[in-house]
Amino acid sequence: MLESSEIEVEASLTAQASVVISFIRERVPAELHYPKVAVICGSGLHHLADALNASPRIEIPFSDLPYFPLPTVDGHIGKLVFGFFGTVPTVCMVGRIHFYEGNPFTVSVFPVRMFSVMGISTLLVTNAAGGLNSEYKVGDLMVLNDHINFPGLAGWHPLKGPNDSLFGPRFLALSDAYDLELRQKLFESVNTLKLNRAIHEGVYAFVSGPTYETRAESRMLKMLGADAVGMSTVPEIIIARHSGMKVLAISLITNAVVTQPTPKASEGAANLSAGKANHEEVIEAARQAGEDMRALVLDVISRL
């Protein structure tokens, strides 16, 4: 059972979001008071915000915003950038807040709750993910059409606790979490842009991190039907859907996950470090894919 203090925190989220929104609207021009789209920029993908029109364009660091959590991970700058993608008023969240940083879900998903209170109707989420599907290569993109929420299945769920019916229902269906029309628009954009990059649709497995998966864990995820694995996105998706927002999510495959069994000691010398994941390669892969991702996000949003 939740303590009374936890219930008070839940009940105050809408009020806190309203305070942040008032703070923002005092600093951005009127035409940006009601963005239509929010874009969450994943690891190393902060340059997505560079595709916003040069003017009007307002940047607000997370550290300036009341109640706003701060990121602690390299590749997550921590700012909101308001502007237009073409003619569409948009806010880019440059950097995200992860569960593994020690935040409760009420904190890590607070920005998405704020977006819903602001009246945003569409959330476009990007992330860096490890490829489990043997057909995926580093640099490929995967459009999410489903997910596996491992922390949620184990009891760590962003909707755990009292339900706020002002946002959505107690028991939320997620069979339609990833909007079909938005996915169709994305592939229209892919055909228009003729990107020289493979684009897949697949299932994203959310794990809490911050360690990368063991070989056995990776094989398990693959056997369960996951095509990619990462440490973010799903809590944001759940809160967005609970708030009635449409969702499009894209993973950049930044490393090929090692699924081969660990060599046994009796088998002699082996290079255990081959294929081992590291954060630096994630950032580098994101940097190399940056231009294609910017073009794709801009074209998709222009179709809304």
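Starting afresh in each chain, residues are numbered from 1 along the sequence in its written order. Reporting of local features is limited, given that this is a predicted model, to residues whose pLDDT is at least 70; pairs of side-chain atoms are given and counted only at 80 or more, and all residues count toward the totals for whole chains, interfaces and linings. The side-chain values count all of the structure's non-hydrogen atoms but skip hydrogen atoms and water molecules.

Student: What is the right way to read the overall build of the chain from this model?
Tutor: Along the chain, the regular secondary structure elements total eight helices and nine strands. Taking 2.2 N^0.38 as the reference for a compact globule, 304 residues should give roughly 19 Å; the C-alpha atoms of the chain span a radius of gyration of 19 Å, in line with that estimate. Overall, the chain is about 65 × 50 × 35 Å in size when its C-alpha atoms are taken along their principal axes. The cut-offs for exposure are 20% and 50% of the maximum accessible area for each residue type, with area from a 1.4 Å probe on protein chains only; residues under the lower value are buried, those over the upper are exposed, and the others partly exposed. Here the chain holds 304 residues, and the buried ones make up 52% of them. Sequence-distant contacts in the chain: of pairs separated by 6 or more residues, those separated by 24 or more amount to 82%. When the accessible surface of the chain is totalled, it reaches about 13700 Å², and 53% of it is carbon and sulfur. Only four residue types enter the tally: Lys and Arg on the positive side, Asp and Glu on the negative side; His and the chain ends are excluded. The atoms used to mark charge sites are NZ of Lys, CZ of Arg, CG of Asp and CD of Glu. The distance from the centre of the 24 positive side-chain charges to the centre of the 31 negative ones in the chain is 4 Å. Comment: elements are numbered from the N terminus, with helices defined as DSSP H or I runs of at least four residues and strands as E runs of at least two. Based on C-alpha atoms, the radius of gyration is set beside the globule rule, defined as 2.2 Å times the residue count to the power 0.38. Note on contacts: a residue pair qualifies if any of its non-hydrogen atoms lie within 4.5 Å across the two residues. Residue exposure ignores everything except the shown protein chains as possible cover, and the areas themselves are Shrake-Rupley values with a 1.4 Å probe.

Student: Please clarify how the pairing of strand β4 (residues 88-94) should be interpreted in this entry.
Tutor: Note on strand geometry: in a regular strand, side chains alternate between the two faces of the sheet. With seven of seven residues buried, β4 is to be regarded as a mostly interior element. Neither face of β4 is left uncovered, since the one carrying Val88, Thr90, Cys92 and Val94 and the one carrying Pro89, Val91 and Met93 both have all their residues buried. Strand pairing requires that DSSP identify at least two bridges connecting the strands. Hairpin connection of strand β3 (residues 79-85) to β4: two residues between the antiparallel strands, including Gly86 at a positive phi of 65°.

Student: Explanation requested: the pattern of salt bridges in the structure shown.
Tutor: Close approach of charged atoms allows side chains with opposite charge to pair. The working definition used for a salt bridge is a side-chain nitrogen of Lys or Arg within 4 Å of a carboxyl oxygen of Asp or Glu. Summed over all chains, the structure comprises 11 salt bridges. For the salt bridge of Glu26 with Arg27, the shortest nitrogen-to-oxygen distance reads 3.2 Å. Classification of Glu26 as exposed rests on a relative accessible area of 63%. Taking the relative accessible area as the measure of exposure, Arg27 reaches 39% and is therefore partly exposed. A cluster of three or more residues bridged by salt bridges with shared partners is formed by Asp50, Arg57, Glu59 and Lys79.

Student: What should I look at first to understand unusual backbone geometry in this one?
Tutor: With the exception of glycine, most residues fall at negative phi, and the peptide bonds are largely trans. Cis geometry is adopted by the peptide bond preceding Pro56, which originates at Ser55 and carries an omega value of -5°. Looking at the element boundaries, Pro56 is found in the loop between β1 (37-41) and β2 (58-61). A positive phi angle, close to 75°, is found at Thr233, a residue other than glycine.

Student: Help me out: how do you make sense of helix α7 (residues 234-242) in this one?
Tutor: Along an α-helix, a turn takes 3.6 residues, which lines up residues three or four apart on a common side. With nine of nine residues buried, α7 lies mostly within the body of the structure. Residues of α7 that are buried include every one of Val234, Pro235, Glu236, Ile237, Ile238, Ile239, Ala240, Arg241 and His242, and no others. Of the residues trailing α7, Gly244 is marked for its positive phi of about 85°.

Student: Please explain the side chain of Arg113 as it appears in this structure.
Tutor: Counting through the fold element by element, Arg113 comes out in helix α3 (residues 110-118). Judged by its relative accessible area of 11%, Arg113 is buried. Within 3.5 Å is the distance limit for a polar contact, defined as a pair of N or O atoms, with the added protein rule that one can donate a hydrogen and the other accept it, and that residues adjacent in sequence qualify only through two side-chain atoms. Of note is the side chain of Arg113, whose polar atom sits 2.9 Å from the side chain of His242. Apart from the residues within four sequence positions on either side, Arg113 is in contact with Leu159, Phe167, Ile239, His242 and Ser243.

Student: Just to check I follow, could you spell out the state of the cysteines for this structure?
Tutor: We call a pair of cysteine sulfur atoms a disulfide when they lie within 2.5 Å. Applying the stated criterion across every chain, the model contains zero disulfides. With no disulfide of its own, Cys41 has Cys92 as its nearest cysteine by sulfur position, at a separation of 4.7 Å.

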